[in-house]
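Residues per chain, in single letters:
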Amino acid sequence: MAAVVVLVLAAMLAHSLFFSHVVINGRPRERFEWHVIDHYFLSTQILVGLGVTLALTAVAMAGGIVIGVALAVMRLSPNPIVSGSAWLYIWFFRGTPVFVQLLFWFNAYYIFPTFTVGVPFGPAVAHFDVTTWLTPFVAASVGLSLNEGAYMSEIVRAGIISVDEGQTEAAQALGMPRLMALRLIVLPQAMRVIIPPTGNETISMLKTTSLASVVTVRELLFQAQLIYSANYEIIPLLIVASLQYLWVTSLLMVGQYYIERHYARGSARQLPPTPLERLRRGLLIRPGQAGFGRAPFIVGND
Amino acid sequence: MVRAEGVRKHFGRHEVLRGIDLEVRTGEVMCMIGPSGSGKSTFLRCINHLEKVDGGRLSVDGHLVGYREQGGKLYELRDREVCQRRAEVGMVFQHFNLFPHMTALENVTIGPVRVKREPKAEAEARARQLLARVGLANRVGAYPRQLSGGQQQRVAIARALAMQPKLMLFDEPTSALDPELVGEVLDVMRSLAEEGLTMLVVTHEMGFAREVGDSLVFMDQGVIVESGPPREVLSNPRQERTQAFLSRIL
Ligand SMILES: Nc1ncnc2c1ncn2[C@@H]1O[C@H](COP(=O)(O)OP(=O)(O)OP(=O)(O)O)[C@@H](O)[C@H]1O
Ligand SMILES: [Mg+2]
């Protein structure tokens, strides 16, 4: 019964999407204007925007992961000043909206017109002119990375804590220093816990980068807005952007599957087959043949 | 090799070690027995500086554990020095603690390659020899999950041996094993003892203690209650607490 309801609703949705018309100013018009969507989907402006979105996602996630790992390690440090400052960072960046942080970095040159590298309170080594360096893209990258770092650190920390303490102990008994044990023994095992939420974070970041349109980064949504502000095809262009986000998200989900599989090494006796392998096996083994009903893999979790 | 004088350790207000005195001579195999919670593991972990000693003197091979003595004063060792000392003491755990993301071979080579900075080829060749010696020549590429408990513990022993330790600590190495797998691990330990390795073994395998051990200590509530040649302690315990413990487990 429920299935019938769902099917009817799906049919109505499909009809509305593809075949229905609206009457505007006395003239009937295709409701969703698929020809407009089709026209802009692969247009240069949109593809350039997509490229910027992907670049921003990659930079922000890379920065976020580096910061996150560093913060997680700091928080687990026995030194209270080190762990305390990491806690403070996380508290601050999780407690303020990322949108506000983006606006802040976009306008940061008001308060930090120059950026100096050198000995603290001593001689300077290099000067940066922030007004020229802090382009919208850089501002958005910095803002998103710093914010993402706070979230990633909690994910990494959960991963580190999930690894049995006996592992650190065995590593220390071999004479490994704390950080080496963390890098060689604990983090690789923590990956199994870290990867799935990191995949979610990446997917979420892909969409969060659309906030950067407000600080004039020429990413996907910005480009769509640029086009519809000229031709008023608002809904079709929002659909174009959405479809672009959708297919990249789908791709990321596939990637996540394979990375998770890679880090399951050593915890499962035999890795489960990939969808491709499953398909191939399904084609090779015909029903009725021996082995068809056998479990295709064993996952050891003793 | 190991000398403990009045070693104390407490966790919060709970005194776990209340003045341990003992000496393990070079080449000696000392077995340690005692009821659960008596502080056996804690003592082994102190020797390796996995726990900090709160009082008394504990030294390994003439070096104070965790401290340097200079002009009658004690200076805490830096992390790097602590690691160097740990690398000279092998430790085998009750639950093996093999690195699950590495093959048996990688488990055995990681210490020499990363900590001692030995060339990889050299470390690998020696790791293969060690794995062969514990009877696992054909399981070199297996991950810990693919090995039985007895096999895992033998890899763990090979991993500790790969560091060429002066002293080996065993913390109930067979208690997590199915009875039929205990023998294969004890056989490896027996052969190490025959080669003259200095060993301190916490165990409840009385047959092993009797045949392989040079001495036996009985620990209870953070003190050593009785010690002596294994046969004597096991057949003629002088202390009441030892008698009570032995009658319970034999
Ligand atoms: N890190 C710790 N923090 C607090 N208490 C601890 C800690 N480690 C051990 N203890 C306590 O110290 C006591 C001695 O523990 P220990 O593990 O040394 O005993 P054991 O003789 O090895 O016992 P078992 O035979 O069960 O292994 C126990 O009461 C234990 O609860
Ligand atoms: Mg114990």
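Reading the values: rules and limits
Residues numbered from 1 in each chain as written. Chains lettered and ligands numbered in written order. Predicted model: local features only at pLDDT ≥ 70, side-chain atom pairs only at ≥ 80, totals over all residues. Heavy atoms only, no water. Helix = DSSP H or I, 4+ residues; strand = E, 2+ residues; numbered from the N terminus. Rg over C-alpha atoms; globule rule 2.2 N^0.38 Å. Buried < 20%, exposed > 50% of the residue type's maximum accessible area, 1.4 Å probe, protein only. Contact = heavy atoms within 4.5 Å. Areas by Shrake-Rupley, 256 points an atom, 1.4 Å probe, with all protein chains shown as cover. Lys, Arg positive; Asp, Glu negative; His and termini not counted. Charge placed at Lys NZ, Arg CZ, Asp CG, Glu CD. Near = heavy atom within 4 Å. Polar contact = N/O pair within 3.5 Å; in protein donor to acceptor, adjacent residues only side chain to side chain. Nonpolar A, V, L, I, M, F, W, Y, C, P; charged D, E, K, R; others polar. pLDDT = per-residue confidence, 0-100. Phe/Tyr/Trp six-rings, centres within 6.5 Å; stacked < 30°, edge-to-face > 60°. Lys NZ or Arg CZ within 6 Å of the ring centre and 35° of its normal. Pairing = 2+ DSSP bridges. Axes fitted to C-alpha atoms, helices over the stretch in contact; angles between N-to-C directions. Buried area = accessible area lost by both parts, 1.4 Å probe. Salt bridge = Lys/Arg side-chain N within 4 Å of Asp/Glu carboxyl O.

A few words on the overall build of chain B. Check the secondary structure of chain B and you find 9 helices and 12 strands. In terms of C-alpha radius of gyration, chain B reaches 18 Å, essentially the compact-globule figure of 18 Å for 250 residues. Scored against the burial criterion, the 250 residues of chain B give a buried share of 57%. Here the analysis covers contacts within chain B between residues at least 6 apart in sequence; of these, 62% occur between residues at least 24 apart. Total accessible area on chain B stands at roughly 11300 Å², and carbon and sulfur atoms take up 44% of it. Side chains of chain B carry 34 positive and 32 negative charges; the gap between the two charge centres is 5 Å.

With that out of the way, let us pick up unusual backbone geometry. Residues and elements named next belong to chain B. One non-glycine residue, Phe 96, adopts positive backbone phi at about 65°. Along the chain, Phe 96 turns up in the loop between strand S8 (89-92) and helix H3 (104-115). Positive phi is not limited to glycine here, since Glu 172 has a value of about 45°. Note that Glu 172 resides in the loop between strand S9 (167-171) and helix H6 (179-194). The class of Glu 172 is buried, set by a relative accessible area of 14%.

The next subject is the site of ligand 1. Residue and element names in this part refer to chain B. Close contacts around ligand 1 come from Phe 11, His 14, Val 16, Pro 35, Ser 36, Gly 37, Ser 38, Gly 39, Lys 40, Ser 41, Thr 42 and Glu 172, and that covers them all. Lys 40 is positioned with one of its side-chain polar atoms (N or O) 2.8 Å from an oxygen atom of ligand 1. Side-chain polar atom of Ser 41 to an oxygen atom of ligand 1: 2.6 Å apart, as the coordinates give it. For ligand 1, whose accessible area on its own is 640 Å², the fraction buried by protein is 60%. Elements with a minimum of two residues in the shell around ligand 1: strand S2 (14-24) and helix H1 (40-47). Sorting elements by how many residues they give to the shell around ligand 1 places H1 first, with 3 residues. Grouping the constituent residues of the shell around ligand 1 by class yields 3 nonpolar, 7 polar and 2 charged.

Averaged over all residues, the pLDDT of chain B equals 93, while 100% of them reach at least 70. Reported confidence for the predicted complex is 0.92 by ipTM and 0.81 by pTM.

Okay, the packing of aromatic side chains next. The geometry of two aromatic rings is summed up by the distance between their centres and the angle between their planes. Applying the stated criterion to the full structure yields 6 aromatic pairs over all chains. When the centroid spacing of 5.3 Å and the interplanar angle of 85° are considered together, the rings of Phe104(A) and Trp105(A) count as edge-to-face. Directly above the ring of Phe99(B) sits Arg159(B), whose terminal nitrogen or CZ lies 4.5 Å from the centroid.

Residues and elements named next belong to chain B. The 4 strands are arranged S2-S1-S4-S5 in an open sheet whose pairing can be described as antiparallel. Either end of the sheet is taken by a strand with one partner, and the two such strands are S2 and strand S5 (63-64). Two strands pair when backbone bridges link them, and strand S1 (residues 2-11) and strand S4 (residues 55-60) are joined in this way by 5 bridges, in the antiparallel orientation. Bridged to Arg 8 within S4 is Gly 55. Contacts between H1 and the sheet are confined to S1, S2 and S4, with S2 contributing the most and set at about 65° to the helix.

Here the focus is the interface of chain B and chain A. In this assembly, 24 residues from chain B lie in contact with 25 residues from chain A. Of the roughly 2100 Å² buried between chain B and chain A on both sides combined, carbon and sulfur atoms contribute 60%. At the junction of chain B and chain A, the tally comes to 1 salt bridge. Between Arg45(B) and Glu169(A) there is a salt bridge, and its shortest N-O distance comes to 2.7 Å. Counting across the chain B and chain A interface gives 4 residue pairs in polar contact (both at pLDDT 80 or more). Considering each element in turn, the side of chain B that touches chain A owes the most residues, 4 residues, to H3(B). Its residues assigned to classes, the side of chain B that touches chain A comprises 14 nonpolar, 5 polar and 5 charged.

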